[in-house]
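Structure assessment
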Amino acid sequence: NAGVTQTPKFQVLKTGQSMTLQCAQDMNHEYMSWYRQDPGMGLRLIHYSVGAGITDQGEVPNGYNVSRSTTEDFPLRLLSAAPSQTSVYFCATGTVSSGNTIYFGEGSWLTVV
Amino acid sequence: GENVEQHPSTLSVQEGDSAVIKCTYSDSASNYFPWYKQELGKRPQLIIDIRSNVGEKKDQRIAVTLNKTAKHFSLHITETQPEDSAVYFCAAKRGSTLGRLYFGRGTQLTVWP
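Here's what I pulled together on the structure shown here. (Residues numbered from 1 in each chain as written. Chains lettered and ligands numbered in written order. Predicted model: local features only at pLDDT ≥ 70, side-chain atom pairs only at ≥ 80, totals over all residues. Heavy atoms only, no water.)

1. Here's the deal with the overall build of chain B
The helix and strand inventory of chain B stands at zero helices and eleven strands. Starting at the N terminus, the α and β elements of chain B follow one another as β-β-β-β-β-β-β-β-β-β-β. Overall, chain B is about 40 × 30 × 20 Å in size when its C-alpha atoms are taken along their principal axes. Here chain B holds 113 residues, and the buried ones make up 44% of them. Sequence separation of 24 or more characterises 53% of the internal contacts of chain B that already satisfy a separation of 6 or more. In the structure as shown, chain B presents an accessible area of about 5700 Å², 46% of it carried by carbon and sulfur atoms. (Helix = DSSP H or I, 4+ residues; strand = E, 2+ residues; numbered from the N terminus. Buried < 20%, exposed > 50% of the residue type's maximum accessible area, 1.4 Å probe, protein only. Contact = heavy atoms within 4.5 Å. Areas by Shrake-Rupley, 256 points an atom, 1.4 Å probe, with all protein chains shown as cover.)

2. Some details on the overall build of chain A
Summing up its helical and strand segments, chain A has zero helices and eleven strands in all. Whereas a compact globule of 113 residues would reach a radius of gyration of roughly 13 Å, chain A reaches 13 Å, a difference of no more than 12%. Its C-alpha atoms give chain A principal-axis dimensions of roughly 40 × 30 × 25 Å. Taken across its 113 residues, chain A has 48% of its residues classed as buried. Contacts in chain A between residues at least 24 apart in sequence constitute 52% of all its contacts with a sequence separation of at least 6. Summing over all exposed atoms, chain A offers an accessible surface of approximately 4800 Å²; the carbon and sulfur share of this is 53%. A distance of 11 Å separates the average location of the 6 positive side-chain charges in chain A from that of its 8 negative side-chain charges. (Rg over C-alpha atoms; globule rule 2.2 N^0.38 Å. Lys, Arg positive; Asp, Glu negative; His and termini not counted. Charge placed at Lys NZ, Arg CZ, Asp CG, Glu CD.)

3. Focus on the sheet that holds strand S1 (residues 4-7) of chain A
Residues and elements named next belong to chain A. Pairing within the open sheet is antiparallel, and its four strands lie in the order S1-S3-S8-S7. Only two strands of the sheet have a single neighbouring strand rather than two, namely S1 and strand S7 (64-66). Pairwise comparison of adjacent strand axes, ignoring direction, gives a mean angle of 20° for this sheet. With four bridges joining them, S1 and strand S3 (residues 19-25) adopt antiparallel strand pairing. Following the sheet pairing, Thr7 is matched in S3 by Gln22. (Pairing = 2+ DSSP bridges. Axes fitted to C-alpha atoms, helices over the stretch in contact; angles between N-to-C directions.)

4. Details of the pattern of salt bridges
Applying the stated criterion across every chain, the model contains ten salt bridges over all chains. Lys37 of chain B serves as the salt-bridge partner of Glu39 of chain B, at 3.6 Å between the closest nitrogen and oxygen. In this structure Glu39 of chain B comes out as partly exposed when scored by relative accessible area, which is 38%. Overall, the relative accessible area of 17% leaves Lys37 of chain B in the buried class. A salt bridge links Lys57 of chain B to Asp49 of chain B; the shortest N-O distance between them is 2.9 Å. Here Lys57 of chain B falls in the partly exposed class, since its relative accessible area comes to 36%. Its relative accessible area of 8% is what places Asp49 of chain B among the buried residues. Each of the salt bridges in this network shares a partner with another, and the network as a whole consists of Lys9 and Glu106 of chain A together with Arg43 of chain B. (Salt bridge = Lys/Arg side-chain N within 4 Å of Asp/Glu carboxyl O.)

5. Description of the interface of chain A and chain B
Counting from both sides, the interface comprises 27 residues of chain A and, opposite them, 22 residues of chain B. A buried area of about 2000 Å², summed over both sides, lies between chain A and chain B, and 55% of it is on carbon and sulfur atoms. One can count two salt bridges joining chain A with chain B. We note a salt bridge from Glu106 of chain A to Arg43 of chain B, for which the minimum N-O separation is 3.1 Å. (Buried area = accessible area lost by both parts, 1.4 Å probe.)

6. A closer look at the side chain of Arg36 of chain A
Residues and elements named next belong to chain A. Here Arg36 is to be found in strand S4 (residues 31-38). Reaching out from Arg36, the side chain makes a polar contact with the side chain of Asp38 at a distance of 2.9 Å. Excluding residues within four positions of it along the chain, Arg36 makes contact with Gly42, Leu43, Arg44, Ile46, Val60, Tyr64, Ser84, Gln85, Thr86, Ser87, Val88 and Tyr89. (Polar contact = N/O pair within 3.5 Å; in protein donor to acceptor, adjacent residues only side chain to side chain.)

Dropping the structure here:
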């Protein structure tokens, strides 16, 4: 699904550092979201957006910020990385006109040491 | 919020046998139930979904059933093949627009040749 692009694919951070995971889509999907995936925990929603200028919290928002200034981009910011944020992060997009199906990006592997 | 429970966490079957994965949900207003397949190191991909106005849906060797009264839904894979080996996730959502999609913790399916 080349329509959802995540960068970087791999990143190692030191505790306390900040960074931004980028998500870009070219499918004109109104919905964009961030999930984290940890072993045995499934996929947990961090933040989501239903359109430019609109964001809302998911299940595990603490320690993360988002903004949606354009339809195409939905960056996820880690303000002060902690080892508990070591995870695989997936951006997902969708549109109501596609029947509520969401499409995942390839994932970003983040390690906080 | 919604609570989705998925069982079993691991499932091993012989090639050609059937596999069944079950999920329960807590929010009676949930009306959309997708299933995702995730191969090792890959992104989750939608394989089938069902809406609350339908009791069963089939797509070749895959079927999903929904029991709204009991608030559970199941994935059935017949004539399993080694390439069916993956982690399968169920999910649930309420409302007509994209928003919070809650996932189960996943089932690791292994199909032995």
